[in-house]
Amino acid sequence: MDKNALTQAMKDSISEVLDTMFFMPVDFMSTGNGKDRPADKTEPMAVQLHFSGPVSGCIRLTVPKNLAREVSSDFLGIDPDEVALEDMVGTIKEMINMLAGNTLSLYDPKVVFDMGVPEIISCRAPLTRNIDEYELIRLEIQTLASCMTMVVGYK
């Protein structure tokens, strides 16, 4: 995979999906020391899915809980106080499904990738076993009120 082309496909997908489906304008931060991040003390939620095709890999999305609540409220059209944990889990699983599918089809619309089922994981869990064998791309996604992270590992 061409790392620059995949990074651009990720950025285009994130901008398109989050703006269109979740009404969330975004910007991208460098992956430096994180000092530019807004204060967000809530526990993050992490979801990932595996994909295979000409290359295989894993995509992970880490979202602070308060942002997951806000996004779920907007996506489901309910009051933030009514958002349950199951709503947040379902919403971020759907978000990674859309982001992964759109990213891979923007990267190469002629190639078929098989995508696994999104699963909630610990944000401390390793992206994959034998991580040294994988090429990694990490994007810090700045929203108006918070920051989330998308990581793609592939080999």
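Residues numbered from 1 in each chain as written. Predicted model: local features only at pLDDT ≥ 70, side-chain atom pairs only at ≥ 80, totals over all residues. Heavy atoms only, no water.

(A) How the structure looks around the overall build of the protein. When helices and strands are counted, the protein shows three helices and seven strands. Listing every helix and strand of the protein by position from the N terminus yields α-β-β-β-α-α-β-β-β-β. Computed over the C-alpha atoms, the radius of gyration of the protein is 15 Å, within 12% of the 15 Å expected from 2.2 N^0.38 for a compact globule of 155 residues. The buried share of the protein, taken over its 155 residues, is 41%. Expressed as a percentage of contacts within the protein between residues at least 6 apart in sequence, the contacts between residues at least 24 apart total 67%. (Helix = DSSP H or I, 4+ residues; strand = E, 2+ residues; numbered from the N terminus. Rg over C-alpha atoms; globule rule 2.2 N^0.38 Å. Buried < 20%, exposed > 50% of the residue type's maximum accessible area, 1.4 Å probe, protein only. Contact = heavy atoms within 4.5 Å.)

(B) A look at the state of the cysteines. A complete count under the given rule lists zero disulfides for this structure. Among the cysteines around C58, which has no disulfide bond, C123 carries the closest sulfur, lying 14 Å off. Looking at the unpaired C147, the closest cysteine sulfur is the one in C123, lying at 14 Å. Overall, the relative accessible area of 11% leaves C147 in the buried class. (Disulfide = S-S within 2.5 Å.)

(C) Fine view of the nonpolar core. By size, the foremost hydrophobic cluster in this structure holds 35 residues, and its most contacted members are L61, M148 and M150. Of all elements in the fold, only α1 (3–22), β2 (44–52), β3 (57–64), α2 (65–76), α3 (85–107), β6 (135–142) and β7 (147–154) reach the threshold of two or more residues within this core. By residue number, the principal contributor to this core is α3, which donates eight residues. In this structure, M148 is in contact with L18, M24, L61, T62, V63, P64, L67, M95, L139, E140, I141 and T143, ignoring residues within four places of it in sequence. (Core = buried A, V, L, I, M, F, W, Y, C linked by side-chain atoms within 4.5 Å.)

(D) Up close: the packing of α2 against α3. Contact geometry for α2 and α3: axes closest at 9 Å, N-to-C directions at 80°. If you check the angle between α2 and α3, you find them roughly perpendicular. Contact with α2, carried on its side by K65, A68, R69, V71, S72, F75 and L76, involves L85, D87, M88, T91, I92, E94, M95 and M98 of α3 and no other residues of that element. A breakdown of the residues in the contact of α2 with α3 according to their chemical character gives nine nonpolar, two polar and four charged. (Axes fitted to C-alpha atoms, helices over the stretch in contact; angles between N-to-C directions. Parallel < 35°, antiparallel > 145°, perpendicular 65-115°, else oblique. Nonpolar A, V, L, I, M, F, W, Y, C, P; charged D, E, K, R; others polar.)

(E) Fine view of the packing of α1 against α3. Running from amino to carboxyl end, α1 crosses α3 at an angle of 135°, the nearest separation of the two axes being 8 Å. Compared by their axis directions, α1 and α3 come out oblique. Of the two elements, α1 crosses α3, and the hand of that crossing is right-handed. For the pair formed by α1 and α3, the contact residues are A5, L6, A9, M10, D12, S13, I14, E16, V17, L18, M21 and F22 on the first element and T91, M95, M98, L99, N102, T103, L106 and Y107 on the second. Its residues assigned to classes, the contact of α1 with α3 comprises 14 nonpolar, four polar and two charged. (Left-handed = near helix turned anticlockwise from the far one by under 90°.)

(F) Just the pattern of salt bridges, in detail. Scanning the entire structure with this criterion turns up three salt bridges. A salt bridge links K3 to E135; the nearest nitrogen and oxygen atoms lie 2.9 Å apart. Of this pair, K3 sits in helix α1 while E135 is found in strand β6, placing the two residues 132 residues apart along the sequence. (Salt bridge = Lys/Arg side-chain N within 4 Å of Asp/Glu carboxyl O.)

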